[in-house]
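Breakdown of the fold
What follows is the residue order along each chain.
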Amino acid sequence: MNTKQSRMEHPWQEFYGPNLGYAIELYEKFQEDPESVDPDLREKFEQWGPPPSSNEAVESNVQPGNLKKVIAAVKLADDIRTYGHLAAAINPLKEEKSTHDFMNPAKYGLSNDDLKAIPAEVIWNNAPSDINDGFEAIQRLEDLYTRSLSYEFSHVHNDEERKWLDQMVEGGSVTDSLDKKNQEVLLRRLTEVEGFEKFLHKTFVGQKRFSIEGVDSMVPMLDEVIKDGASDGARNVMIGMAHRGRLNVLAHVLNKPYEKIFAEFHQAPNKELVPSEGSMGINYGWTGDVKYHMGADRKFEGSETAEATITLANNPSHLEFVDPVVEGYARAAQETRDEKGEPTQDIRKAFAILIHGDAAFPGEGVVAETLNLSQLRGYHTGGTIHIIANNQLGFTTESTDSRSTRYASDLAKGFEIPIVHVNADDPEACLAAMHLAYQYRMKFNKDFLIDLIGYRRFGHNEMDDPAVTQPHLYENIKNHPTVRARYASYLEEKGILDSGYGEKLDEEILQELQEDYNKVAKDKEEGGEVQELQPPKEIVKGIPSIDTSVPLETLKKINNDLLTRPDHFNVYPKLERILKRRLDMLEEGGKVDWALGETLSFATILSEGTPIRITGQDSQRGTFAQRHLVLHDKETGETFCPLHELPESKASFAIHNSPLSEASVVGFEYGYNVFAPESLVIWEAQYGDFANAAQVIFDQFVSAGRAKWGQKSGMVMLLPHGYEGQGPEHSSGRVERFLTLAAENNWTVANLTSAAQYFHILRRQAAILGEQEVRPLVIMTPKSLLRNQRTSSPGFEFSQGQFLSVIEQEGMGEKKDKVERIVLSTGKVAVDLAAEIDSSEENLDWLHVLRVEQLYPFPEEEIKKIFERYSNVKEIVWLQEEPKNMGSWNYISPRLREIAPEGVAVDYIGRPDRSSPAGGEPNIHKKDQERIIQEVLEPSKTVSHQGGKSS
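All values derive from a computational prediction rather than experimental measurement.

Cut-off values and rules
Residues numbered from 1 in each chain as written. Predicted model: local features only at pLDDT ≥ 70, side-chain atom pairs only at ≥ 80, totals over all residues. Heavy atoms only, no water. Phe/Tyr/Trp six-rings, centres within 6.5 Å; stacked < 30°, edge-to-face > 60°. Helix = DSSP H or I, 4+ residues; strand = E, 2+ residues; numbered from the N terminus. Buried < 20%, exposed > 50% of the residue type's maximum accessible area, 1.4 Å probe, protein only. Salt bridge = Lys/Arg side-chain N within 4 Å of Asp/Glu carboxyl O. Axes fitted to C-alpha atoms, helices over the stretch in contact; angles between N-to-C directions. Parallel < 35°, antiparallel > 145°, perpendicular 65-115°, else oblique. Left-handed = near helix turned anticlockwise from the far one by under 90°. Contact = heavy atoms within 4.5 Å. Nonpolar A, V, L, I, M, F, W, Y, C, P; charged D, E, K, R; others polar. Expected span 1.5 Å × (residues − 1). Pairing = 2+ DSSP bridges.

With respect to the packing of aromatic side chains
For the structure shown, the criterion picks out 35 aromatic pairs. Geometrically, the ring pair formed by Phe624 and Tyr687 is edge-to-face, given 5.4 Å between the ring centres and 90° between the ring planes. In this pair, Phe624 is assigned in the loop between strand 11 (612-616) and strand 12 (631-632) and Tyr687 in the loop between strand 15 (680-684) and helix 27 (695-702), connecting sequence segments 63 residues apart. Residue Phe624 is classed as buried on the basis of its relative accessible area, which comes to 16%. Here a set of aromatic residues connected by ring pairs shows up, and it is made of Phe196, Phe199, Phe204, Tyr258, Phe262, Phe265 and Tyr517.

Listed below in structure tokens is the structure:
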């Protein structure tokens, strides 16, 4: 047996790098004084003998007194691994490697002769067989870690992962060379990428396209990973990216025909009329969007067995907010939802690729929020591949002004995501980086980040002159050859391709583009004007009448089943008493509270085969300790969800407590819902006002996604809302913002006052999923009203009828000729008013009260018919507890004036205009609330006083 083989079988073989150096130091101490080291280690020294490097030192004439040289050499090697990226040739605008002291052996007290005297294996465990000594080992490591592809792995704390990453790099698996055939394929792809941009640049002068030029290698990188993923069985590949390079990705990765892209440029309006965005795109919505926001789907067929759908998500100008949406796509594509219990997830079925900007990755907080989702049970997707398309510039802002970190990628270190930096001018290294990222994802099911360092050949949008703000940089870029030209020259110089092949190929691609353009130009001459699109008739008509009732006996059976648990499952005693009270709620004389009404709606929806996913901060228990859909055994801590075991269920039910994040979670749920339109997807805010942290998702995706992109959603948002004197952030769900965004029947906005209404509106929402009528649902949900008997509903209200947009208060408005004031309100204040009316001894025949349960679409016809019944009405009042400039008043007032009988005043009762949504002093709040309610019950000058005590 040779010496090297015996060393490899030595029990110390797992020690290398800094650990080996540390063991050597401790062994020296052990030789001087065995009691000076830890007993466990002392036992190893006694059993195993000295660490292998000590033997090697003796064998190599490096005496034990010179072990410091060995330790220094190990430290040098480890520093090269850790800091090699600082010296690597990763910047295409800087041709040479940097020099750094950490690679200078003299800094470590080492000479070349010292290194030659140390065996390679001491410095580099599993060193390649052609490495003969420590000097050669250091030279090879320096070469591996400072090429055009460099690595940052030291922040990955898992030993198995880090060891695998090191072995991939040092074993040569990452940088295998391409064969001639694949090099030709790569050159053709780069030529197509560049040719497309060059053709657009000269044909559509001055139009925005957000060119890929400078990070061209991104397209073959995507080709590579899609091919690998499909071969491994992925059926969906989800891509999210901003503007830069999007048209090129659409053309070449998504196979969007050149003619269609050219047509979109042709149909551009005058850029001076739309200076912020440029030309309009052809799409499936009715209001449209610019072409570099649009997404697409493509069927990929790599072979008979490798088929996948590639999806590029639509994305607005809020660059990174598409990130969680794409993660939601991927999770939905990975899950099977057609059986009861938790959905079954298979992470091999789909994966996500997120392409970031170098300024946006550290700059937009939603990136960090999305990275935080990556290992959470309710949100993980088995590893996302991230690419930073690094222009080294954000619009006109230098990186020194846009981030506090050395690299754009540094944010990922906090999540222990491996990072590689790669020179975008080395396309083969770029493919190697993508190969490593994919292999890591498949092995460890975690995220991986590629920092693709390139440049931006033109200004931010091709209409800018970048030399105004970066004159020296753009003088350099102007003279810098393109990646296609560089790679063609390289292949020709190596004799892999004939001289001139690259230019000939370039001319061929440009000729193909010209031919496609000529077809479009001819069609343009023959065609007419583009017609303005309109919303589908099903959207315009609104949600049809749907019977959402469920037989009472069915509900009773389900209610009993919901209280069945595994044997020996010990529910917290206080909670057990609360849950047992639900048994009688559907019986004669009983009333169903809000929480049970919700649970019954979920159970019946599942029984009809519709899967449900609900997430939010503390949603399993409920922020207000009302839901309790996940029970915890008080003895073992084990959990049990009754809806998972419901015999009637025909679909999956998922409920997850979300991280303390709104933007990423709402985006994720929206994406999940878009990709799984048959699922009832619900997001719940801890308090309604916290939803404003996700305002971009509401503005750009949920409210407008269908109009812009034809992207359907039936997502439900539950926003706790109501004024109980708990301060500004615990009062308002900001209903005014959702009403401001309401148009074209884009969503439903409701503020409900009974458990039965909540039951029916959820069931109605489930019924329209997958239909043309589908739209999101925004509900202002209660807080204090959760346990208010006035919101509880008798069983027959669940077994009869449907959701009502308007409810007339029982016992009011019965003497039609005496009614002079009609008061409309919504939500909690309507219940407060009802309580005051019930306790009043005044004669209120002059008053009628309506609850507007559905604010948008405004139930105009129903309310108008009610008004017509009261011929003597003199005043219509809108009552709200929010300040006048918030809540529903500004939305509702013009609509009430439009349908009010002629000559009837429309007035407001509520708080005055405020800058803050609510006060923080409970006593002042209570006094103000009492004033508002009393004002409703006091006739104004236009209403004759018909009061007095009621008999």
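Digging into the pattern of salt bridges
Per the stated rule, a full pass over the model turns up 52 salt bridges. Each member of the salt-bridge network shares a partner with another, and the members are Glu194, Lys198, Arg484, Glu503 and Asp506.

Digging into the packing of helix 14 (residues 322-334) against helix 26 (residues 663-675)
Following both chains from N to C, one finds helix 14 and helix 26 inclined at 45°, their axes separated by 6 Å at the closest point. Taken together, the axis directions place helix 14 and helix 26 in an arrangement best described as oblique. For the pair helix 14 and helix 26, the sense of crossing is right-handed. Listed contacts from helix 26 to Pro324, Val325, Glu327, Gly328, Tyr329, Arg331, Ala332 and Ala333 of helix 14 are Ala663, Ser664, Gly667, Phe668, Tyr670, Gly671, Tyr672, Val674 and Phe675. For the contact of helix 14 with helix 26, the class distribution of residues is 11 nonpolar, 4 polar and 2 charged.

Some remarks on helix 30 (residues 755-768)
Between its first and last C-alpha, helix 30 extends 21 Å over 14 residues, near the 20 Å set by a 1.5 Å rise per residue. Burial of helix 30 is extensive: 13 of the 14 residues sit out of reach of the surface. Phi turns positive, to about 80°, at Gly770, one or two residues after helix 30.

Structural notes on the sheet that holds strand 20 (residues 821-825)
Spatially, the 5 strands line up as an open sheet ordered 19-21-20-23-24, and their pairing is mixed. Single-partner strands in this sheet number two, and they are strand 19 (806-808) and strand 24 (905-911). Strand-to-strand twist in this sheet, taken as the mean axis angle between neighbours without regard to direction, amounts to 25°. Examined bridge by bridge, strand 20 and strand 23 (residues 875-883) share 4 bridges and lie parallel to one another. Residue Val823 lies in a different strand from strand 23, and its bridge partner there is Val877.

Notes on the packing of helix 10 (residues 180-203) against helix 13 (residues 258-266)
Close contact between helix 10 and helix 13 brings their axes to 12 Å; oriented N to C, the two are set at 25°. Classified by the angle their axes make, helix 10 and helix 13 are roughly parallel. Both helix 10 and helix 13 take part in a crossing whose hand is right-handed. Between helix 10 and helix 13, the residues in contact are Glu192, Phe196, Phe199 and Leu200 and Tyr258, Ile261, Phe262 and Phe265, respectively. By residue class, the composition of the contact of helix 10 with helix 13 is 7 nonpolar, no polar and 1 charged.

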